[in-house]
Amino acid sequence: MSVFQDLKKYKGLLAIVFFLTLGNTIGELYLPRLLSLIVDNGIAVEDVQYVLKIGGIMLIVTLLTILVRGSASFFSAKAAMAFSRDLRKRIFNKVNHMTFDETETLGISSLITRTTNDVGHIEQFVLLMMRPILRAPLQFVGGLVMAYLTHRRLTAIVLISMPIIFVLIYFVIRVVIPFFPQLQKALDRVNLLLRQRLTGLKVVRAFSRDEEEEATFDQANNQYYQLSTRINNTMSTVQPILAFVVSVTTVIAVYFGAKFIVDGTMNIGELMAFIQYTAQVMTGLVMMSRMLTIIPRTSTSISRVKEVIDYPSRKVGGTTRLNESMYAIEAKDLTFYYPGANLPALSKINFSLKAGEVLGIIGGTGSGKSTFLKLLMQFYEPTEGDLLINGIPINEINTDDVRQRLSYVPQQNFFFSESVRGNMQYSNPDITDEKIIEDLTVAKAREFLPNDNPLDSKVVRGGANFSGGQRQRLAISRALARDANVYIFDDSFSALDYRTDYEIRQALEDRLEGVMTIIVAQRVATIRHADKILVLEDGEVKGYGSHDDLLAHNPVYREIALSQGEEEVSTDESKA
Ligand SMILES: Nc1ncnc2c1ncn2[C@@H]1O[C@H](COP(=O)(O)OP(=O)(O)O)[C@@H](O)[C@H]1O
Ligand SMILES: [Mg+2]
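Note that this is a predicted model, so its numbers are computed, not measured. (Residues numbered from 1 in each chain as written. Chains lettered and ligands numbered in written order. Predicted model: local features only at pLDDT ≥ 70, side-chain atom pairs only at ≥ 80, totals over all residues. Heavy atoms only, no water.)

**Structural notes on the UniProt feature "domain: ABC transporter" (unreviewed entry) in the chain**
Then, number 1: Following the UniProt record, the feature "domain: ABC transporter" (unreviewed entry) maps to residues 329-563 here.
Then, number 2: Here residues 329-563 runs as 34% helix and 24% strand, with 31 Å between its end C-alpha atoms. (UniProt positions renumbered as here; feature names shortened; annotations may be inferred. Helix = DSSP H or I, 4+ residues; strand = E, 2+ residues; numbered from the N terminus.)

Encoded structure:
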């Protein structure tokens with residue numbers, strides 16, 4: 001897909017800019033001609049009537065030229081900005097549908113730089129190109145033609161300076177081109193460090209790594225600075241040299257022009273016009289050289305943006321529609337490798353779950369619990385074996401159909417910076433305030449919200465104004481807000497004290513009757529009442545059955561339970 005395809009939408013605007021620029025350039029080419037007429041046919045022979053007549057025409061042409069130039073600039077800015085808005089939208093939509101590992105491959109910071117800075121470069125390019133692309137060559141050629149019409153031999157003399165300019169521009173561009181990809185990479189890194197620094201603020205502070213962080217950032221920032229000064233220094237040599245060549249050319253024109261005037265083959269007015277035409281030819285050249293120097297920078301940005309919009313997104317899920325509710329989940333030798341991993345994160349997992357049942361998954365960190373949930377949510381597809389939904393392999397089912405039937409409490413909670421109500425509506429846009437209060441009460445989140453207007457209280461910075469346990473309770477409420485067939489809790493009770501954990505699970509048992517519930521935990525107490533418990537270790541199933549079953553027959557489960565003091569207690573209540 002072309003980066004510039006959205007420009008097509010603005011054909012009308014572009015055509016307007018084209019004609020306005022054409023008028024602008026013709027006006028500018030006509031003015032020196034009028035000037036030479038005034039000088040040679042009016043002033044030289046003291047014909048006041050003639051001077052006034054041509055002077056009047058000059059005034060009108062000047063005013064028209066200014067008007068036309070102003071409107072060309074207005075409409076071109078309008079088109080360029082609309083274009084960049086559309087381009088940003090295209091990138092966003094693309095990223096929005098990428099899988100997790102795809103965004104990781106491109107890098108989140110890099111995606112941000114590409115959407116902002118790189119699109120900015122392309123917008124500037126479009127803006128800078130729209131008018132000069134017509135005006136520069138027109139002024140260059142038109143100026144030459146007019147100069148030639150004014151005086152042939154003088155034009156031939158002046159033309160000698162042109163090759164110098166071409167050679168100069170060629171060398172600068174050759175030197176500068178290789179630096180631009182490096183420059184954008186350096187900017188990516190600056191953004192990456194800033195982002196890490198901001199998200200990892202607490203860790204940085206807690207380990208008092210401020211100084212090291214600053215040093216790393218300094219280094220990346222300096223690298224960016226050095227690269228950009230290097231490019232800038234090279235580019236900035238162009239302008240003074242060009243200006244010098246232009247001045248020298250003018251001096252040459254005046255020198256020979258004076259001789260031609262003495263010879264009687266040229267008039268004073270003609271020489272004045274001639275000098276203005278040379279200036280226009282040079283301006284045309286300078287404009288073209290500027291266009292050439294922004295091409296390398298822009299082409300870097302274009303390829304970076306293209307990489308995103310042309311990214312061959314892996315399609316997760318299939319086309320089979322799920323017309324009924326989800327009533328059965330079954331894993332058959334389910335095996336999964338993360339992209340590029342040598343060892344499986346899940347290996348030959350088997351279990352089955354039906355509506356009304358609770359599945360508990362227990363295992364240490366890194367045992368594959370969250371990975372299984374990601375497969376169920378179709379963030380990834382199984383590598384081998386099957387994960388069946390109502391008997392259909394999950395990779396054949398439409399992703400929306402699957403996700404709409406799930407409600408999920410992630411291990412790492414994230415909230416949007418808006419009201420509690422807004423966050424609850426995120427999982428169910430049609431939810432009423434009464435229902436929200438009900439769900440907050442079930443998850444025991446109502447009690448730590450203020451009595452007055454609890455739903456209007458603000459959640460800030462992803463939920464930073466609540467404690468870990470409070471965030472978990474809010475996240476549980478949010479999951480309950482949605483009417484789903486499967487409720488998934490990924491380690492969602494870990495930050496709760498035993499009593500709250502127990503109370504919430506009691507309330508959930510009534511609330512989630514008839515649907516499927518999957519509870520991932522590291523605490524036996526959290527899952528002991530589940531109908532079936534899956535014991536995971538290093539991606540493998542080490543046990544599968546009820547709590548009593550496993551406690552009696554499964555050494556791994558018994559060890560976990562014993563280590564958590566489970567054998568001494570018969571109920572959760574005594575713990576609280
Ligand atoms: N995005 C990922 N890419 C590669 N490996 C991953 C990714 N996420 C998790 N893993 C690996 O998969 C294994 C299981 O992780 P996970 O399912 O998150 O464990 P947990 O049981 O703690 O939820 C771990 O060894 C982890 O390093
Ligand atoms: Mg996990």
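From this point, things continue past the structure.
**Observations regarding the site of ligand 1**
Then, number 1: In the neighbourhood of ligand 1, the contacting residues comprise Tyr338, Ala345, Gly364, Thr365, Gly366, Ser367, Gly368, Lys369, Ser370, Thr371, Lys374 and Tyr380.
Then, number 2: Serine 367 is positioned such that a nitrogen or oxygen atom in its backbone is 3.2 Å from an oxygen atom of ligand 1.
Then, number 3: In isolation ligand 1 has 560 Å² of accessible area, and contact with the protein removes 58% of it.
Then, number 4: For the shell around ligand 1, a count of residues per class yields three nonpolar, seven polar and two charged. (Near = heavy atom within 4 Å. Polar contact = N/O pair within 3.5 Å; in protein donor to acceptor, adjacent residues only side chain to side chain. Areas by Shrake-Rupley, 256 points an atom, 1.4 Å probe, with all protein chains shown as cover. Nonpolar A, V, L, I, M, F, W, Y, C, P; charged D, E, K, R; others polar.)

**Things to note about the coordination of the magnesium ion (ligand 2)**
Then, number 1: Ligation of the magnesium ion (ligand 2) by protein atoms is provided by Ser370 (OG) and Gln411 (OE1), these donors lying 2.0 to 2.3 Å from the ion. Placement of the pair is serine 370 in helix H13 (residues 369-376) and glutamine 411 in the loop between strand S6 (406-409) and helix H15 (420-427), with a sequence separation of 41 residues. (Donors = N, O, S within 2.8 Å, 3.2 Å for Na, K, Ca; no water.)

**Quick notes on helix H2 (residues 48-96)**
Then, number 1: For H2, spanning 49 residues, the distance from its first C-alpha to its last is 72 Å, which sits close to the expected 72 Å at 1.5 Å a residue.
Then, number 2: Regarding H2, its N-cap is aspartate 47, as a side-chain oxygen of that residue lies 3.3 Å from the backbone nitrogen of glutamine 49 further along. (Expected span 1.5 Å × (residues − 1).)

**As for the UniProt feature "transmembrane region" (unreviewed entry) in the chain**
Then, number 1: Per the UniProt record, "transmembrane region" (unreviewed entry) is annotated on residues 12-30, 50-68, 156-177, 241-262 and 274-295.
Then, number 2: What you have in residues 12-30 is 100% helix and 0% strand, and the ends, taken at the C-alpha atoms, are 27 Å apart.
Then, number 3: Taken end to end, residues 241-262 is 100% helix and 0% strand, and its two terminal C-alpha atoms sit 32 Å from one another.

**Side note on the pattern of salt bridges**
Then, number 1: Under the definition given, this model contains 22 salt bridges.
Then, number 2: We note a salt bridge from arginine 523 to aspartate 501, for which the minimum N-O separation is 2.8 Å. Of this pair, arginine 523 sits in the loop between strand S8 (516-521) and helix H19 (524-527) while aspartate 501 sits in helix H18 (residues 498-511); the two residues are 22 residues apart in sequence, bridging distant segments of the chain.
Then, number 3: When its relative accessible area of 0% is taken as the criterion, aspartate 501 is described as buried.
Then, number 4: Ionic pairing is found between lysine 542 and glutamate 540, a salt bridge with its closest N-O pair at 4.0 Å.
Then, number 5: Within this structure, Lys444, Glu447, Arg473, Arg499 and Glu503 form a network of salt bridges that share partners. (Salt bridge = Lys/Arg side-chain N within 4 Å of Asp/Glu carboxyl O. Buried < 20%, exposed > 50% of the residue type's maximum accessible area, 1.4 Å probe, protein only.)

**Quick notes on unusual backbone geometry**
Then, number 1: Unusually for a residue other than glycine, lysine 348 sits at a positive phi of about 50°.
Then, number 2: Inspection of the secondary structure puts lysine 348 in strand S2 (residues 346-354).
Then, number 3: Here aspartate 538, not a glycine, exhibits a phi torsion of approximately 45°, which is positive.
Then, number 4: Topologically, aspartate 538 is positioned in the loop between strand S9 (532-537) and strand S10 (540-545).

**Let's talk about empty space enclosed by the protein**
In this approach the atoms are scanned with a rolling probe the size of a water molecule, which exposes any empty space left behind.
Then, number 1: Tallied over the entire structure, the rule returns two cavities of 30 Å³ or more.
Then, number 2: Here the largest cavity defines a volume of roughly 50 Å³.
Then, number 3: Around the largest cavity, the lining residues are Leu144, Ala147, Thr155, Val158, Leu159, Met162, Phe274, Thr278 and Val281.
Then, number 4: Where the lining of the largest cavity is concerned, the elements lending two or more residues are helix H5 (132-150), helix H6 (152-159) and helix H12 (268-309).
Then, number 5: For the lining of the largest cavity, a count of residues per class yields seven nonpolar, two polar and no charged.
Then, number 6: Volume-wise, the second largest cavity comes out at about 30 Å³.
Then, number 7: In this structure, the second largest cavity is lined by Pro32, Arg33, Ser36, Thr150, Glu270, Ala273 and Tyr277.
Then, number 8: Those elements that provide at least two residues to the lining of the second largest cavity are helix H1 (11-43) and H12.
Then, number 9: Residues that form the lining of the second largest cavity fall into these classes: three nonpolar, two polar and two charged. (1 Å grid on protein atoms, 1.4 Å probe; cavity = no way out; pocket = protein on both sides within 12 Å on 5 of 7 lines; lining within 4 Å. Points joined across faces, edges and corners; volume = space filled by probe spheres on them.)

**Comments concerning the pairing of S10**
Then, number 1: The pairing of S9 with S10 spans five bridges and is antiparallel. Across the sheet, leucine 536 pairs through a bridge with valine 541, a residue of S10.
Then, number 2: Between the antiparallel neighbours S9 and S10 lie two residues, among them aspartate 538 with a positive phi of about 45°. (Pairing = 2+ DSSP bridges.)

**Looking at the packing of H6 against H12**
Then, number 1: Where H6 meets H12, the axes come as close as 12 Å, and the angle between the chain directions of the two elements is 30°. The element H6 and its partner H12 pack so that their crossing is right-handed. Facing Leu154, Thr155 and Val158 of H6, the residues of H12 in contact are Leu271, Phe274 and Thr278.
Then, number 2: The class makeup of the residues in the contact of H6 with H12 is four nonpolar, two polar and no charged. (Axes fitted to C-alpha atoms, helices over the stretch in contact; angles between N-to-C directions. Left-handed = near helix turned anticlockwise from the far one by under 90°. Contact = heavy atoms within 4.5 Å.)

**Thoughts on the packing of aromatic side chains**
Then, number 1: Applying the stated criterion to the full structure yields 14 aromatic pairs.
Then, number 2: Plain terms: the ring middles of phenylalanine 4 and phenylalanine 83 are 5.9 Å apart, the flat faces sit at 10° to each other, and that makes the pair stacked. Of the two residues, phenylalanine 4 is situated in the segment before H1 and phenylalanine 83 in helix H2; the sequence distance between them amounts to 79 residues.
Then, number 3: Using a relative accessible area of 25% as the deciding quantity, one classes phenylalanine 4 as partly exposed.
Then, number 4: For the pair phenylalanine 336 and tyrosine 338, a centre-to-centre distance of 5.0 Å together with 75° between the ring planes defines the contact as edge-to-face.
Then, number 5: Relative accessible area serves as the criterion here: at 24%, tyrosine 338 is assigned to the partly exposed category.
Then, number 6: By way of ring pairs, the aromatic residues Phe4, Phe83 and Phe125 are connected into one cluster. (Phe/Tyr/Trp six-rings, centres within 6.5 Å; stacked < 30°, edge-to-face > 60°.)

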